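So the chains spell out like this:
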4 protein chains.
Amino acid sequence: MEQVNVRWYVEDVAAHSAPVVIAGLPGVGHVGKLVVDHLVHVLSAVKVAEITSTLFPPQMYLSEDAVLRMPRNEVFFAPGSASSPGVLLLAGDCQSTTPEGHYILGNAYIRVFELLGVKRIYTLGGYGVGRMVETPQILAALSSASLKDEVLSAGAVLNKEEPVGGIIGAAGLLITLGRLAGMEGVALLGETSGYLVDPVSSTAVLDVLEKLTGITADRTELAELASQMMTEVSALASTIQRNNADDLSYIG
Amino acid sequence: MEQVNVRWYVEDVAAHSAPVVIAGLPGVGHVGKLVVDHLVHVLSAVKVAEITSTLFPPQMYLSEDAVLRMPRNEVFFAPGSASSPGVLLLAGDCQSTTPEGHYILGNAYIRVFELLGVKRIYTLGGYGVGRMVETPQILAALSSASLKDEVLSAGAVLNKEEPVGGIIGAAGLLITLGRLAGMEGVALLGETSGYLVDPVSSTAVLDVLEKLTGITADRTELAELASQMMTEVSALASTIQRNNADDLSYIG
Amino acid sequence: MEQVNVRWYVEDVAAHSAPVVIAGLPGVGHVGKLVVDHLVHVLSAVKVAEITSTLFPPQMYLSEDAVLRMPRNEVFFAPGSASSPGVLLLAGDCQSTTPEGHYILGNAYIRVFELLGVKRIYTLGGYGVGRMVETPQILAALSSASLKDEVLSAGAVLNKEEPVGGIIGAAGLLITLGRLAGMEGVALLGETSGYLVDPVSSTAVLDVLEKLTGITADRTELAELASQMMTEVSALASTIQRNNADDLSYIG
Amino acid sequence: MEQVNVRWYVEDVAAHSAPVVIAGLPGVGHVGKLVVDHLVHVLSAVKVAEITSTLFPPQMYLSEDAVLRMPRNEVFFAPGSASSPGVLLLAGDCQSTTPEGHYILGNAYIRVFELLGVKRIYTLGGYGVGRMVETPQILAALSSASLKDEVLSAGAVLNKEEPVGGIIGAAGLLITLGRLAGMEGVALLGETSGYLVDPVSSTAVLDVLEKLTGITADRTELAELASQMMTEVSALASTIQRNNADDLSYIG
């Protein structure tokens, strides 16, 4: 087993190529992962390649029937339709276990993207603000200033002061490594509390992404997750309020 | 010294080969280690190979007469008898000091297994549940769904939700790496508190393992350890109860 | 991408060479970084080379227009003037993520310095003393005892007992690695609290550096930062005193 | 700079060879380091080789006149006299920054020892017991049971249960790596509190070492350090007792 292993699942790579890839790996609020996992599902995407790595955690996952599998990231191809262009999707379980590994894995993804004809990379993620957010703002970060107008029109905001400390991990690195390989890149980061898996922020990221890519995806399931989250958060807030009231009555 | 070093202890490898290997390295509750160390002893197994590695902790052990030795994992061959088939056993001191090292060592064990004709790997371990368990459940995780009926008949349960977060370390990794080399694999994890070395859980794992492999092993010593543990735990529980009572009398 | 990547920004390396390099990377109180970033600005230095590395954190920075860039360290050339000699400057975002990486990166910087004709290295930094310092002392550490009189004349002090534990990171390592390549070296460390970014200490380091190198640099901006810091620290001290008084009145 | 760098300081290696090396690197209570640093001094040892490494901390030391130097370990040759045989000494600043580095450095030391004709390695260290010890016991750990009688006659004790967890770092590893290269080895560990640099334990280790090697070394300085330590510990104990009394009077 090499440090990074790419296994191809299709014979005809050209038939599964597309100029756009959308990457959503685990991270803050799983904002990006929720969107891309959703797209894999609703766009009936087919698996093109699987990346396993000794740089991933040595943590085996249980699939159906308790069959074990390695941690992996996967590239899918979603064929286009009348209303939606064909795109590639990078989804998966994990990121690197070491700082250096992020660069090594990032380069491996870029090599796969090159073979699949990618010209533009979208990376999706979240950035934590430490409080619940009902209408999340979407920050964009770019490979080039020439993309500025395009992302502003799609509803994202640009703010070089946020996130403080820059973007850590694949969401940022794929943009800079992609640029070295001649690819354009846009990172879209949804505002999120940082405490919870956040489908509300994911939905807001998907809004911007759809405007940018022309993809239209059924979003029933993602909307249900988001609505369910808002209900749970409200219930939690009520409970906390009631408990505080109880505490006061105790003192009184 | 290479990153992984295999030293062979037998000249005739074929005479020490077997289609089944049982691996029990240190881990949660030392559940797997207790079983395999016990089997090495009661099946009069002979040492076939020793693995040392710069990926093991730089921590030297004292043997008899205070002679120092390196941390090591060992492969033993237990010859078959009328009532028990020949098997290989992987036992030892430690696992890797780094995430990447788990993969490197895992591959090294698989290469040794290949040379010894292994077709099926059993890995034994524990999974912590945070409370004392008198009748531990044994979870199985598989290389393939085709093994499902076999492990259920032997008394194991399948539950893709447990352990939460999957299986970390050699117990899971040897199954997935083994599958890449064409081997079947079954991980058997005994329910355990996670706080103590747990021969009770080990005994329950051995029950399932014996049904699956046809091995029959004298278990006097393991049973004694288990009975001793239950006595100690009861004594501890009584002391705690008495102390709690004392505390209350103090308040009163 | 290699472990260390050097990208040259000038065609005529000889025209951008100088016998002296001044290095100020992030560290205690950002004392060294503030000085060198200031010099890059006021000496209208031009970028000669950029170092990126898989040993840097996988943390992408946002530039103007929210364009992403990799963490990087940069070598600049400040052309000489009637009153100031030409010098090279090493500035940047970060140091290594691992102990071993410090050595690997240090050697890469030295190779770049060799190509640029460097004969003497100044490294600038801070050393924390755990209390606010109004008139910081500047410690010097040397590649050779023959530099002793020169640094003492410039106002630095020599004290082999400080900093306790020696000098960690690039400020020390560039001196010892440089010596292996035949370069002289002087580390200048400004006394600082260790709690705050400290332009006051930076100004004191610049005093000594100017005497040693003959550089004269407009220091309006650095002086403003320092004066602003002293005002803020005074305000903070008053607030703390007032709060303490409040606390006492509460008790009374 | 390679991962491990050996620089030789003598031209005639044969004239600086000896069958015995005594290693005392930093560790618990600096017990081993104190002994070997003392021997380097009183036996007028000459420097034979210096080891620097990217596996050492990136922490530069200040020598006389504030000259910086890399962390290093050094091999010295102490010429024999009428009353004392010639021996080699391994002394130095540090051990590895990573578990794997311990093995890599250990092998490098063994290669140097081979070139210098070493047949037997003594490693010196301490083992912490968590309380002050006035008459420290010296534990021995061996490369072979055949050395048992020899170390017992010299006053060391053998106890395969101690230190619990075995011996971590160079003191243990040089014995097992040396054995792979055909060298005998004895680790001598002085009982020590684990809280303080402990010249009392070092003196007890030196007693055993002298009986084993036939070395006789002036020990005025080491005895002074030990006597000074006992005085300081007594003073500290009195202070603590007095403070406790004060506390009681306060309650009273």
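Note that the structure is a prediction, hence the values are computed from the model and not measured. (Residues numbered from 1 in each chain as written. Chains lettered and ligands numbered in written order. Predicted model: local features only at pLDDT ≥ 70, side-chain atom pairs only at ≥ 80, totals over all residues. Heavy atoms only, no water.)

A.B. asks: How should the side chain of histidine 16 of chain C be read in this particular structure?
C.D. replies: Residues and elements named next belong to chain C. With respect to the helices and strands, histidine 16 occurs in the loop between β1 (4-8) and β2 (20-23). In this structure the side chain of histidine 16 is engaged in a polar contact, spanning 2.8 Å, whose partner is the backbone oxygen of aspartate 12. Dropping the residues within four chain positions of it, histidine 16 is found in contact with Val10, Val46, Val48, Phe77, Leu88 and Leu116. (Helix = DSSP H or I, 4+ residues; strand = E, 2+ residues; numbered from the N terminus. Polar contact = N/O pair within 3.5 Å; in protein donor to acceptor, adjacent residues only side chain to side chain. Contact = heavy atoms within 4.5 Å.)

A.B. asks: Can you walk me through helix α5 (residues 199-213) of chain D in this structure?
C.D. replies: An α-helix turns once every 3.6 residues. As a result, residues three or four positions apart point the same way. All names here are of chain D. Across its 15 residues, α5 extends 20 Å between first and last C-alpha, which sits within 8% of the 21 Å expected from 1.5 Å per residue. Across the 15 residues of α5, 13 count as buried, placing the element largely inside the fold. Two or three places before valine 200, at the start of α5, stands the capping residue aspartate 198, its side-chain oxygen 3.0 Å from that residue's backbone nitrogen. Where α5 ends, the next residue or the one after it, glycine 214, has phi of about 80°, a positive value. (Expected span 1.5 Å × (residues − 1). Buried < 20%, exposed > 50% of the residue type's maximum accessible area, 1.4 Å probe, protein only.)

A.B. asks: Would you take a moment to explain the packing of helix α1 (residues 31-42) of chain B against helix α5 (residues 199-213) of chain B for this structure?
C.D. replies: Packed helices, taken two at a time, are described by their axes: the angle between them and the distance between them. Residue and element names in this part refer to chain B. At a minimum axis separation of 8 Å, α1 and α5 run at an interaxial angle of 65°. In the packing of α1 onto α5, the handedness of the crossing is right-handed. Of the residues in α5, those in contact with Val31, Leu34, Val35, His38 and Leu39 of α1 are Pro199, Ser201, Ser202, Val205, Leu206 and Leu209. Considering only residue class, the contact of α1 with α5 consists of eight nonpolar, three polar and no charged. (Axes fitted to C-alpha atoms, helices over the stretch in contact; angles between N-to-C directions. Left-handed = near helix turned anticlockwise from the far one by under 90°. Nonpolar A, V, L, I, M, F, W, Y, C, P; charged D, E, K, R; others polar.)

A.B. asks: Would you take a moment to explain the interface of chain B and chain D for this structure?
C.D. replies: Reports often express the size of an interface as the amount of accessible area lost when the parts come together. At the junction of the two partners, chain B supplies 22 residues and chain D supplies 30 residues. Of the roughly 2,000 Å² buried between chain B and chain D on both sides combined, carbon and sulfur atoms contribute 63%. Considering only the side of chain B, the residues that lose the most area to chain D are Pro58, Leu62 and Leu68 of chain B, jointly responsible for 31% of the buried surface there. At the junction of chain B and chain D, the tally comes to two salt bridges. Aspartate 65 of chain B serves as the salt-bridge partner of lysine 148 of chain D, at 2.9 Å between the closest nitrogen and oxygen. Counting across the interface, chain B meets chain D through ten residue pairs in polar contact (both at pLDDT 80 or more). Those elements giving two or more residues to the side of chain B that touches chain D turn out to be β4 (59-62) and β5 (68-69) of chain B. (Buried area = accessible area lost by both parts, 1.4 Å probe. Salt bridge = Lys/Arg side-chain N within 4 Å of Asp/Glu carboxyl O.)

A.B. asks: Help me out: how do you make sense of the relation of the copies chain C and chain A in this one?
C.D. replies: Each of the two copies of the chain can be brought onto the other by a rotation about an axis and a shift along it. When chain C is fitted onto chain A, the two copies agree to an RMSD of 0.0 Å after a turn of 90° and an axial shift of 0.2 Å. Both copies are brought into coincidence by an operation consistent with a four-fold rotation axis. Scanning chain C for the C-alpha nearest the rotation axis identifies threonine 98 of chain C, at a separation of 7.1 Å. (Least-squares fit on C-alpha atoms with pLDDT ≥ 70 in both.)

A.B. asks: Help me out: how do you make sense of the sheet that holds strand β10 (residues 167-168) of chain C in this one?
C.D. replies: Sheet strands pair via backbone hydrogen bonds, and the direction of the pair is either parallel or antiparallel. Read across the open sheet, the three strands follow the order β10(C)-β4(D)-β5(D); overall the sheet is antiparallel. One side of each edge strand has no neighbouring strand; the edge strands of this open sheet are β10 of chain C together with β5 (68-69) of chain D. For strand β4 (residues 59-62) of chain D and β5 of chain D, the ladder comprises two bridges, and the chain directions are antiparallel. By the bridge assignment, leucine 62 of chain D is partnered in β5 of chain D with leucine 68 of chain D. (Pairing = 2+ DSSP bridges.)

A.B. asks: Got a minute to help me understand the sheet that holds strand β4 (residues 59-62) of chain C in this structure?
C.D. replies: The antiparallel open sheet is built from three strands, whose spatial order is β10(A)-β4(C)-β5(C). One side of each edge strand has no neighbouring strand; the edge strands of this open sheet are β10 (167-168) of chain A together with β5 (68-69) of chain C.

A.B. asks: Please clarify how the pattern of salt bridges should be interpreted in this entry.
C.D. replies: Between side chains of opposite charge, a pair can form as their charged atoms come close. Inspection of the entire model under this criterion finds 56 salt bridges over all chains. Residue lysine 160 of chain B pairs with glutamate 64 of chain A through a salt bridge whose shortest N-O separation is 3.5 Å. In this pair, lysine 160 of chain B sits in the loop between α3 (148-153) and β10 (167-168) while glutamate 64 of chain A sits in the loop between β4 (59-62) and β5 (68-69), so the two residues belong to two different chains. Bridged by salt links that share partners, the residues Lys47, Glu50, Arg72 and Glu74 of chain A form one connected network.

A.B. asks: Please clarify how the layout of surface pockets should be interpreted in this entry.
C.D. replies: In this approach, a probe sized like a water molecule rolls over the atoms, and the result shows the empty space that is left. Put simply, the largest pocket is a space of about 860 Å³. Lining the largest pocket are 32 residues, and of these Glu100 of chain A, Glu100 of chain B, Thr98 and Glu100 of chain C together with Glu100 of chain D sit closest to its centre. Counting only elements with at least two residues in the lining of the largest pocket, the list comes to α2 (99-115) of chain A, α2 (99-115) of chain B, α2 (99-115) of chain C together with α2 (99-115) of chain D. In the lining of the largest pocket, the residues fall into twelve nonpolar, 16 polar and four charged. (1 Å grid on protein atoms, 1.4 Å probe; cavity = no way out; pocket = protein on both sides within 12 Å on 5 of 7 lines; lining within 4 Å. Points joined across faces, edges and corners; volume = space filled by probe spheres on them.)

A.B. asks: In this structure, what is going on with the arrangement of the chains? I would like to understand it.
C.D. replies: One finds no contact between chain B and chain C; the C-alpha atoms of the two approach each other to within 14 Å at their closest. Across all C-alpha pairs, the smallest distance from chain A to chain D is 14 Å, and the two are not in contact.

A.B. asks: Looking at this structure, I do not really get helix α1 (residues 31-42) of chain D. What am I missing?
C.D. replies: All names here are of chain D. Here α1 contains twelve residues, and its C-alpha end-to-end distance of 17 Å stays within 8% of the 16 Å for a straight helix at 1.5 Å per residue. Taken across its twelve residues, α1 has nine buried, putting it largely inside the fold. Listing the buried residues of α1 in full gives Val31, Gly32, Lys33, Leu34, Val35, Val36, His38, Leu39 and Val40. Two residues or fewer after α1 comes serine 44, characterised by a positive phi angle close to 50°.

A.B. asks: Please explain the interface of chain C and chain A as it appears in this structure.
C.D. replies: Contact with chain C, which involves 22 residues of that partner, is made by 30 residues of chain A. Carbon and sulfur atoms supply 63% of the area buried between chain C and chain A, which totals about 2,100 Å² over both sides. Among the residues chain C hides against chain A, the three largest losses belong to Pro58, Leu62 and Leu68 of chain C. Together they make up 31% of the total. Summed over the shared surface of chain C and chain A, the result is two salt bridges.

A.B. asks: Would you explain the nonpolar core in this entry?
C.D. replies: Looking at soluble globular proteins, one finds that nonpolar side chains tend to be buried together. Of all hydrophobic cores here, the largest spans 176 residues; its most connected members are Phe113 of chain A, Phe113 of chain B, Phe113 of chain C together with Phe113 of chain D. Ignoring any residue separated from it by four or fewer positions in sequence, one finds phenylalanine 113 of chain D in contact with Val21, Leu90, Val118, Ile121, Leu174 and Met183 of chain D. (Core = buried A, V, L, I, M, F, W, Y, C linked by side-chain atoms within 4.5 Å.)

A.B. asks: Just to check I follow, could you spell out the confidence of the model for chain A for this structure?
C.D. replies: Predicted coordinates in regions of low pLDDT should not be interpreted in detail. Looking at chain A as a whole, the pLDDT averages 93, with 96% of positions reaching at least 70. Confidence over residues 248-252 of chain A falls short of pLDDT 50; this stretch has zero contacts with residues more than four positions distant or in other chains. (pLDDT = per-residue confidence, 0-100.)

A.B. asks: What exactly am I supposed to notice about the side chain of threonine 52 of chain A here?
C.D. replies: All names here are of chain A. Relative to the helices and strands, threonine 52 is located in strand β3 (residues 46-53). Take threonine 52: its relative accessible area is 12%, and that puts it in the buried class. Among all residues touching threonine 52, those that are not within four sequence positions of it are Met1, Gln3, Val4, Asn5, Met70, Pro71 and Arg72.

A.B. asks: Help me understand the packing of aromatic side chains in this model?
C.D. replies: The description of an aromatic ring pair rests on the distance of the ring centres and on the angle between the ring planes. On inspection of all chains with the given rule, the structure shows zero aromatic pairs over all chains. A cation sits over an aromatic face here: lysine 47 of chain A above tyrosine 9 of chain A, 4.4 Å from the ring centre. (Phe/Tyr/Trp six-rings, centres within 6.5 Å; stacked < 30°, edge-to-face > 60°. Lys NZ or Arg CZ within 6 Å of the ring centre and 35° of its normal.)

A.B. asks: It is not clear to me how unusual backbone geometry should be interpreted in this structure. Could you clarify?
C.D. replies: Only a minority of non-glycine residues have a phi that is not negative, and only a minority of peptide bonds are not trans. For the bond running from glutamate 162 of chain B to proline 163 of chain B, omega is -10°, close enough to zero to count as cis. One non-glycine residue with positive phi stands out, namely alanine 66 of chain C, at about 60°. Looking at the secondary structure, you find alanine 66 of chain C in the loop between β4 and β5. Even without being a glycine, serine 44 of chain D presents a positive backbone phi close to 50°. Of note, serine 44 of chain D is situated in the loop between α1 and β3 (46-53). What makes serine 44 of chain D exposed here is its relative accessible area of 53%.

A.B. asks: Is there a simple way to explain the pairing of β4 of chain A in this structure?
C.D. replies: Within a regular strand, side chains alternate between the sheet's two faces. Of the pairings in the sheet, the one linking β4 of chain A to β10 of chain B comprises two bridges and is antiparallel in character. Within β10 of chain B, the position partnered with glutamine 59 of chain A by the bridge is isoleucine 168 of chain B.

A.B. asks: What's the story with the pairing of strand β2 (residues 20-23) of chain B in this structure? I'm lost.
C.D. replies: Residue and element names in this part refer to chain B. Side chains Val20 and Ile22 project from β2 onto one buried face, and the interleaved Val21 and Ala23 project onto a second face that is buried too. As defined by bridge partners, β2 adjoins strand β8 (residues 120-128) across four bridges and the pair is classed as parallel. Paired with alanine 23 across the strands is threonine 123, a residue of β8. Where β2 lies against strand β7 (residues 87-92), three bridges are found, and the strand directions are parallel. Paired with alanine 23 across the two strands is leucine 90, which belongs to β7.

A.B. asks: Is there a simple way to explain the environment of alanine 141 of chain C in this structure?
C.D. replies: Structurally, alanine 141 of chain C is set in strand β9 (residues 138-142). Spatially, the C-alpha atom of alanine 141 of chain C lies 9.7 Å from that of alanine 171 of chain C, the residues being 30 residues apart in sequence. When residues no more than four places from it in sequence are discounted, the contact partners of alanine 141 of chain C are Ile167, Gly185, Val186 and Ala187 of chain C together with Leu62, Ala66 and Leu68 of chain D.

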